[in-house]
Amino acid sequence: MKRILITLSLFLLIPVLGMAQQQILSTQYIYNRLMINPAYTGLDRGLSMTAFAREQWGGLEGAPNTQSFTIHSPIDKDQTAALGGVFIRDEVGVTTQNITYLTGSYKLQVGELSFLSVGLQGGFVNNKIRYSDLPDFARDPAFSDGDINEFRPNFGFGLYFFSQKFHAGFSVPNFIQKVVDDVDNVANRNVDRVYYMDVGYQFRLSPELTLNTDVLGKVLIGDPTQIDVYSILGIREKVWVGGSYRSESSFNAIFRAKIGKGFFMGYSYDFATTNELSTVSSGSHELMLQFKLEKK
């Protein structure tokens, strides 16, 4: 019965989620920061391509699922300027969001071994809401005129400071807050502007072991701040194991391995900490494949 009620709640909330754009959730963002910060463009020191897939709240019909592809690379000899692209498909029940951004960054040396990268991104978001797919009992008469398929522009900004072992970032992925009008063009809804801040440090435990720590804060005005805390052990720069905690949401196990020259594979599993989800969901799964071609 609880599974049915939660699934039904998802369906009833879909129109709200569709109007209020949700920022993409990723447990393995530490290996693909370009998804939330355009200032990371080109900082892998060569061509970098990452494919990502996430199934959230497995076992619940209509639960979020996300796929993305990012690509970026320096474009000059000194690796100060870089370009990239971000492509995301995010689906929740009968709502689908397709995001396409072009990203660019410029890197400034601010110390002997420290740098500041400034990044911008711009593109469009395609929002689709298929009200016609909702069960009859879940349909609102206000949406009887038809489905929604809307394109709108957006842009974002980011800063990323880094040295050999320390890094700190700040980003606002979406500046434009207006989203789709309601189907009767009566009222406008707004995207909640989200601010991301992250800071991390790498400890060298031995010639073969590193400990990577990171804290990510997601600030949404009017809502509680979400905090992700990471701790990842690296072994010979070939295998990484560890975990993270997402405040009031989940504990997460993370595994990453180098599977060939320039190729990496990552997997994470999120254990829900709320009783409502943990009793009806099998957890959230996330798979990441990455290729890096570093310039000499």
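What this report covers is the structure whose coordinates are included nearby.

Quick notes on the rules
- Residues numbered from 1 in each chain as written.
- Predicted model: local features only at pLDDT ≥ 70, side-chain atom pairs only at ≥ 80, totals over all residues.
- Heavy atoms only, no water.
- Helix = DSSP H or I, 4+ residues; strand = E, 2+ residues; numbered from the N terminus.
- Contact = heavy atoms within 4.5 Å.
- Salt bridge = Lys/Arg side-chain N within 4 Å of Asp/Glu carboxyl O.
- Buried < 20%, exposed > 50% of the residue type's maximum accessible area, 1.4 Å probe, protein only.
- Pairing = 2+ DSSP bridges.
- Patch = residues over 30% accessible without salt bridge, like charges linked within 9 Å, V, L, I, M, F, W, Y side chains within 5 Å.
- Areas by Shrake-Rupley, 256 points an atom, 1.4 Å probe, with all protein chains shown as cover.

### Observations regarding the side chain of glutamine 28
At step 1: Structurally, glutamine 28 is set in the loop between helix H1 (2-19) and strand S1 (46-55).
At step 2: Those residues within four positions of glutamine 28 in sequence are excluded, and the remaining contacts are Phe255, Gly266, Tyr267, Ser268, Glu286, Leu287 and Met288.

### Quick word on the pattern of salt bridges
At step 1: Tallied over the full model, the rule gives 10 salt bridges.
At step 2: Put simply, arginine 89 and glutamate 91 hold a salt bridge, and the shortest N to O gap is 3.1 Å.
At step 3: Classification of arginine 89 by relative accessible area gives partly exposed; the value is 32%.
At step 4: The salt bridge involving aspartate 270 is made with arginine 246; its shortest N-O contact spans 3.5 Å. On the criterion of sequence distance, the pair formed by aspartate 270 in strand S15 (residues 263-272) and arginine 246 in strand S13 (residues 239-246) is long-range, its members being 24 residues apart. The two residues aspartate 270 and arginine 246 agree in class, both being buried.
At step 5: Several salt bridges share partner residues, and in doing so they unite Arg54, Asp228, Arg246, Asp270 and Glu286 into one network.

### As for the pairing of strand S6 (residues 148-162)
At step 1: In this structure, strand S5 (residues 115-129) lies alongside S6, joined through 15 bridges in antiparallel fashion. Looking at the pairing, glycine 119 lines up with glycine 158 of S6.
At step 2: With six bridges joining them, S6 and strand S7 (residues 166-172) adopt antiparallel strand pairing. Note that in S7 the partner of phenylalanine 157 across the bridge is valine 172.
At step 3: Here S6 folds back onto S7 in antiparallel fashion, the turn holding three residues.

### A short note on a nonpolar patch on the surface
At step 1: On the surface, a nonpolar cluster with roughly 260 Å² of combined accessible area is contributed by Val199, Val215, Ile227 and Val229.
At step 2: Tracing the backbone through its elements, the reader meets valine 215 in strand S11 (residues 209-220).

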